[in-house]
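# Summary of structural features
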Amino acid sequence: MKIYNTMSKRKEEFVPLEEGKVKMYVCGPTVYNFIHIGNARPMIVFDTVRRYFEYKGYDVNFVSNFTDVDDKIIKKANEEGVTAEEISKRYIAECKKDMEGMNIEPATKNPLATEEIGGMIEMIRTLIEKGYAYEKNGTVYFRTRKFKDYGKLSHKNLDDLQSGGRTLLVTGEDEKEDPLDFVLWKPKKEGEPAWQSPWGEGRPGWHIECSEMSKKYLGEQIDIHAGGEDLIFPHHENEIAQSEAANGKEFAKYWMHNGFLNIDNRKMSKSLGNFFTVREISEKYDLQVLRFFMLSAHYRSPLNFSAELMESARSGLNRIVTAAENLKFLIGNASAEKMTEEEKEKFEKSKEYVDSFEKAMDDDFNTADAIAAVFELVKYINTTADGESSGEYLESLLKRLVSLTDVLGIIVEKEDEILDADIEALIAERQAARKEKNFARADQIRDELLAKGIILEDTREGVKWKRA
């Protein structure tokens, strides 16, 4: 299995630190609002990477954090007149709902930054003792130039950064020994959450959070550190500097980064009005379609999101789901139980599509080619399975299809669809709940229906619904 390592800029054979085990850390979202589809890409990509490792028999320890203390969270809390903790808890719960909708396996551990402050303080203390950090008026800075390998991930030169102007620098220039030094601990400001530390009340810098959480739950050395390519510099570069300076050993063996997501060939931004949350997408599409769309391109390639491409993803996904449903229908009506000799040969031949799938995934998780192999298997199933086939042959084909789609996190064995009459009854109950101002129950019914693939639209004429 080969992985493209951002550090070496080439594909490398994957050799785990410990045989049969993978330690993997993925930077999670900052929870101040609903997650957007840019957040969804690394979630889907690295969940699929994890699933493939598990398919290959590895025991994966998968850690992905929630940044639950941050300027954006504090700003949102102040706007609403609530605590930062209330904001972060609310949006962690909403994020987990969206992740479930995208069929993302729960992480082994989702650490919260606010619960790991003690460990961060200890790591900062170690960096000060080793001469890699210093304190000025309650702020602790990292001595970037003291870490001789700084820039090895982003392939940036310190002198170029120095001449690159203030855009790359951090605030508080006058107090720093060097403009390139970055913050490990910042002093308390009015109206902000703060923790006691040897340098006074304050809170950690963003970069130190991941260094400490990765160390606590995975150890000082890990196999894979992953995230979006926007995190390469300065976040991941600073993580390497802190972790390796504090622990005295290589932090991560492989660095994986997914490419950017554009909307209709333009960068996603609120100012352009092309900013979509996963929740908004779920009102138009089953989130399985979003997942299938995200995997239809190689994870390192830039990906363009558009209505046309989502429709294409929907029809592609339907082809696979329909093949599985057809097999289940045939299984229910199969007369013969055991495979014939001819069917054994046909089933053996279907293994070539599994081999193609694994070859694609072994080559830096090429999900686009892996999906092409699934389509080939679907075509083969559609041409070799019929009413004359034995139950064993049909069940073996279904199992083979499911084993591959499971790696992609695509659910082909859908639960039985909800009946129209049941939908109408729930809508009536929702309307009654709204009249009684029981909005919690009304929202709960909407969520229940959405989970079953039913999208509601409130119009002047009443409630309209459709199947996703």
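Cut-offs and rules
Residues numbered from 1 in each chain as written. Predicted model: local features only at pLDDT ≥ 70, side-chain atom pairs only at ≥ 80, totals over all residues. Heavy atoms only, no water. Pairing = 2+ DSSP bridges. Helix = DSSP H or I, 4+ residues; strand = E, 2+ residues; numbered from the N terminus. Axes fitted to C-alpha atoms, helices over the stretch in contact; angles between N-to-C directions. Parallel < 35°, antiparallel > 145°, perpendicular 65-115°, else oblique. Contact = heavy atoms within 4.5 Å. Nonpolar A, V, L, I, M, F, W, Y, C, P; charged D, E, K, R; others polar. Buried < 20%, exposed > 50% of the residue type's maximum accessible area, 1.4 Å probe, protein only. Right-handed = clockwise from strand over helix to strand, strands pointing away. Arc of directions from axis to C-beta. Polar contact = N/O pair within 3.5 Å; in protein donor to acceptor, adjacent residues only side chain to side chain. Core = buried A, V, L, I, M, F, W, Y, C linked by side-chain atoms within 4.5 Å.

### A few points about the sheet that holds strand 12 (residues 266-267)
Note: strands within a sheet are paired through backbone hydrogen bonds, in either parallel or antiparallel orientation. An order of 12-11-13 is seen for the three strands of this open sheet, with the pairing classed as mixed. Pairing within the sheet leaves two strands with one partner each, and these edge strands are strand 12 and strand 13 (303-305). Note that strand 11 (residues 261-263) and strand 12 share two bridges and pair antiparallel. When the sheet's bridge partners are listed, isoleucine 263 is paired in strand 12 with arginine 266.

### Things to note about the packing of helix 1 (residues 37-55) against helix 9 (residues 287-295)
With their axes 10 Å apart at the nearest point, helix 1 and helix 9 run at an angle of 75° to one another. When the axes of helix 1 and helix 9 are compared, the pair comes out roughly perpendicular. Contacts between helix 1 and helix 9 pair Ile37, Ala40, Arg41, Ile44, Asp47, Thr48 and Arg51 from the former with Leu290, Arg291, Met294 and Leu295 from the latter. Among the residues making up the contact of helix 1 with helix 9, the classes are represented as six nonpolar, one polar and four charged.

### Topic: the pairing of strand 10 (residues 252-258)
In terms of burial, strand 10 is largely enclosed, as six of its seven residues are buried. Across six bridges, the pairing between strand 9 (residues 222-228) and strand 10 is parallel. Within strand 10, the position partnered with glycine 228 by the bridge is asparagine 258. Between the parallel pair strand 9 and strand 10, the chain is carried across by helix 7 (residues 232-247), and the sense of this crossover is right-handed.

### Some remarks on helix 2 (residues 71-80)
Considered for burial, the residues of helix 2 that qualify are Ile73, Ile74, Lys76 and Ala77. Buried residues along helix 2 cover an arc of 165° about the axis, so they all sit on one side. Residues of helix 2 that are exposed and point over 90 degrees away from its buried face: Lys75, Asn78 and Glu79. In the core, the buried residues of helix 2 are packed alongside helix 3 (84-101) and strand 8 (202-204). By the N-cap criterion, in which a side-chain oxygen at the helix start approaches the backbone nitrogen of a residue two or three places on, helix 2 is capped by aspartate 70, the distance to lysine 72 being 2.8 Å.

### With respect to the nonpolar core
Among the nonpolar cores identified, the biggest contains 91 residues, and Ile37, Phe53, Met102, Ile224, Leu290, Phe357 and Phe365 are the most heavily contacted of them. When neighbours within four sequence positions are excluded, isoleucine 224 is seen to be in contact with Ile3, Phe14, Val22, Lys23, Met24, Tyr25, Phe53, Tyr254 and Met256. Listed in part, the 40 residues of the second largest apolar core include Cys27, Phe147, Phe233 and Ala245.

### Things to note about the sheet that holds strand 3 (residues 21-26)
A sheet is described by the order of its strands in space; here four strands give the open sequence 4-3-9-10, paired in parallel fashion. Of all strands in the sheet, those bounded by a partner on one side alone are strand 4 (59-64) and strand 10. Neighbouring strand axes in the sheet, compared pairwise and without regard to direction, differ in orientation by 20° on average. Both strand 3 and strand 4 contribute to a ladder of six bridges, which runs parallel. Residue valine 22 lies in a different strand from strand 4, and its bridge partner there is valine 60.

The quantities given are spatial measurements derived from coordinates; they are silent on function.
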